[in-house]
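Here is what each chain is made of, one letter per residue.
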Amino acid sequence: MTTTVSAPASAPAKVAQRPGDRWFSGSALFAGSMILVTLAAVAVFLFVQSIPGITATGEEASILKDGDFWDYVAPLAFGTVWAAALALVMAVPLSIAVALFISHYAPRKLSQSLGYVVDLLAAVPSVVFGLWGIGVLAPAVQPAYSWLVDNAGWFPLFAGPASGTGRTIFTAAVVLAVMVLPIMTAICREIFLQTPSLHEEAALALGATRWEMIRMAVLPFARGGIVSAAMLGLGRALGETMAVAMVLSASGGINFRLFTAENPNTIPANIAQTFPEAYGLNVNVLIATGLILFIVTFLVNAIARVIVNRRKDFSGAN
Amino acid sequence: MTLTENPRSTISPALSPATRLTSGRLPQWAPWALLALSFVISATVFILLAATGDASPDLVATAVVGVLLYLVLVTVVSTVVEGRRKATDRLVTGVVASAFALALVPLVSVGYTVISNGVAGLSAEFFSNSMRNVVGEGGGALHAIMGTVLITLAAAVISIPIGLFTAIYLIEYGRGPLAKGITFLVDVMTGIPSIVAGLFIYAVFALIMGPGVRMGIMGALSLAVLMIPVVVRSSEEMLRLVPNELREAAYALGVPKWLTILKVVLPTSIAGITTGIMLAIARVIGETAPLLITAGFTASMNYNLAEGRMMTLPVFVYTQYMNQGLPAQAYVDRAWAAALVLILIVMLLNLVARLIAKIFAPATGR
């Protein structure tokens, strides 16, 4: 493989920078800076295009109705955060358990293929999850919603009337949880496997059961990783568009009830549904909501990465 | 929580003269037997219930009750025989294993639904026709498949060189704050919501070409924004795996640095890089939101990336399902069929990528 390297003999030994070297490092540097330029451009262009949207009034942009931009975006922002939070409440314990199963419970030989199986979930396109949510999940969980509303309706979150289609914010959150599960599991698994085996063996040698070993050696070591996995999952859940746009039957407004037909919409789903028919200043209003989403997800991701990077030897599973 | 039901677990041997090292342990087959037992009980109960009513036994409820019954049984039995600590351990083992089973449920369910619903819509017509002038039944997704191929290819052509060169910069050249900043921002960029990437490209083109612009190349660019960080990350990992001895050997022979990278480092890691690139393609090929915004949707063929709206498979699925006409079943069938095709493409890419990684992996000295 390495026998062909002697081809160009045009190397004057004194010159440190050969033209080929200069070209190559130059283009590498250019490509690297493209990343910075792109991110800066995303921020700048979104910002420029959203200024007219933020300052628009109801007369200029028809989707604002009577209020101003902030009245429009507030329920959407609430819906985005609410759906993502619900999804995380489900996904965090589940992904920790799945990651523990793969890293510490499953037989060694199986664990890698089990990891692949969970990763397969990440390969399913979001639009397929949307179809599945409407066609399979929503009808399947609807009876459970009716039952909960009838029997536990006194609990504020479960207040009725129950949705007839099952396409509620809770269903959307379940789909979101399924979609963020693979990345969170991958990161948790990675960091569980990095627990110093001496710690584990020491715990076992002292007579700890497997669970006690995990509680004493693995979980404390992995705490930072779990937090950052949750943050990355949160970033994904905040920005997930199509599945929510398809599954959720939204009516706008702010409310916490999980199982009714009146659901808050999310920012990305609202953009996907409204953008194709938007015109004039409405487009700028939608871009402005996108800017808010960008800022929020950027902050969430940045914090997560800072936490990950603080642990130097952790190599990120993404 | 009763603490010590089991006298054998106390330390003083005087209390239990029969103490042996192996005492107080469930045999290895016990959890499996308990699992089988609880499923049998649960199934019997539900079959009896179904027999008294007229419904067929509910599989989901049977499984859920069976698992819960097992968790209770194994905890109780283990507490009695082995003591509280062992019982907690067995309970957690059961919980963790059932969590894994629970995570598989959506995967299996998605796969089963897509295949069983999608097969109905697949036909020769589906692969040979567009939706031009089709109302109701008939028509196909040829224009969408074509659009997906063109847009994804363009996105790959844009993002592979940039991604690869960025990775080379980070591994071979990058020092100091710039490299650190790029690494950090690449990590952050992997988390950009896909719809924001679409909005960004739209914002750029709307400034240049006026509002309402939709083109295939815009879709390709927004996919490239999403794809570049993935390519960078995976190529970076692969380049890092190339042993430094190879580079030093090349330098020692007087090979310039750029030729070392081109002829030594890249060939060594090319299998892994290809895998990473294919996985990145598999990831963006299913993206819907940015394409919906930038490439739009249409019923006709369009081979020109630089002009006019362009249909893609994910957007085809979305529009067919969300804007149903009459008869609705035709639209739903087409949506599922397109979803099946899409998922097959993604799985194929994943499979080939893993195969490449397996077959062409360089022999390491492990």
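How each quantity is defined
- Residues numbered from 1 in each chain as written.
- Chains lettered and ligands numbered in written order.
- Predicted model: local features only at pLDDT ≥ 70, side-chain atom pairs only at ≥ 80, totals over all residues.
- Helix = DSSP H or I, 4+ residues; strand = E, 2+ residues; numbered from the N terminus.
- Rg over C-alpha atoms; globule rule 2.2 N^0.38 Å.
- Buried ≥ 20, exposed ≤ 12 C-beta atoms within 10 Å, placed from the backbone.
- Contact = placed C-beta atoms within 7 Å.
- Domains from an automatic or database assignment.
- Nonpolar A, V, L, I, M, F, W, Y, C, P; charged D, E, K, R; others polar.
- Expected span 1.5 Å × (residues − 1).
- Bend = angle between axes of the 7 residues up to and from the residue.
- Axes fitted to C-alpha atoms, helices over the stretch in contact; angles between N-to-C directions.
- Left-handed = near helix turned anticlockwise from the far one by under 90°.
- pLDDT = per-residue confidence, 0-100.

## Overview of the overall build of chain A
Broken down by element type, chain A carries 10 helices and zero strands. Listing the helices and strands of chain A from first to last along the sequence gives α-α-α-α-α-α-α-α-α-α. Since a compact globule built from 318 residues should have a radius of gyration of about 20 Å, the 25 Å found for chain A marks it as more spread out than a globular shape. Here chain A holds 318 residues, and the buried ones make up 49% of them. In chain A, the proportion of contacts linking residues at least 24 apart, taken out of those at least 6 apart, comes to 79%.

## Regarding the overall build of chain B
Along chain B, the regular secondary structure elements total 13 helices and zero strands. Against the 2.2 N^0.38 benchmark of 21 Å for 366 residues, chain B shows a C-alpha radius of gyration of 29 Å, more extended than a compact globule. Taken along the three principal axes of its C-alpha coordinates, chain B extends 85 × 70 × 35 Å. By the burial criterion, 45% of the 366 residues in chain B qualify as buried.

## Overview of the domain arrangement of chain B
The domain boundaries assigned to chain B delineate domain 1 (27–121) and domain 2 (129–359). The residue inventory of the side of domain 1 of chain B that touches domain 2 of chain B, partitioned by class, reads three nonpolar, three polar and no charged.

## A look at helix 5 (residues 169–193) of chain A
At 3.6 residues per turn, the α-helix brings residues three or four places apart onto the same side. Residues and elements named next belong to chain A. The terminal C-alpha atoms of helix 5, which comprises 25 residues, lie 35 Å apart, in line with the 36 Å expected from a rise of 1.5 Å per residue. The axis of helix 5 is deflected most strongly, by about 40°, at leucine 181, and proline proline 182 appears within four residues downstream. Where burial is concerned, most of helix 5 is hidden: 24 out of the 25 residues are buried.

## Some points on the packing of helix 3 (residues 108–123) of chain A against helix 5 of chain A
All names here are of chain A. Two numbers describe how helix 3 lies on helix 5: the axes approach to 7 Å, and their chain directions differ by 140°. The hand of the helix 3/helix 5 crossing is left-handed. Where helix 3 abuts helix 5, its residues Gly115, Val118, Asp119, Leu121 and Ala122 lie against Val178, Leu181, Pro182, Ile183, Thr185, Ala186 and Arg189. Here the residues of the contact of helix 3 with helix 5 sort into eight nonpolar, two polar and two charged.

## Overview of the environment of A:Val296
By the element assignment, A:Val296 lies in helix 10 (residues 281–310). Exposure remark for A:Val296: the 20 C-beta atoms within 10 Å place this residue in the buried category.

## Examining the interface of chain B and chain A
Listed as interface residues are 83 residues of chain B and, on the opposing side, 75 residues of chain A. For the side of chain B that touches chain A, the class distribution of residues is 61 nonpolar, 15 polar and seven charged.

## Some thoughts on the confidence of the model for chain B
Residues and elements named next belong to chain B. Averaged over chain B, the pLDDT score is 84; the fraction of residues at 70 or greater is 91%. Segment residues 1–15: pLDDT under 50, and 19 contacts once partners within four positions in sequence are set aside and those in other chains are kept. Interface confidence for the predicted complex, given as ipTM, is 0.83, next to a pTM of 0.85.

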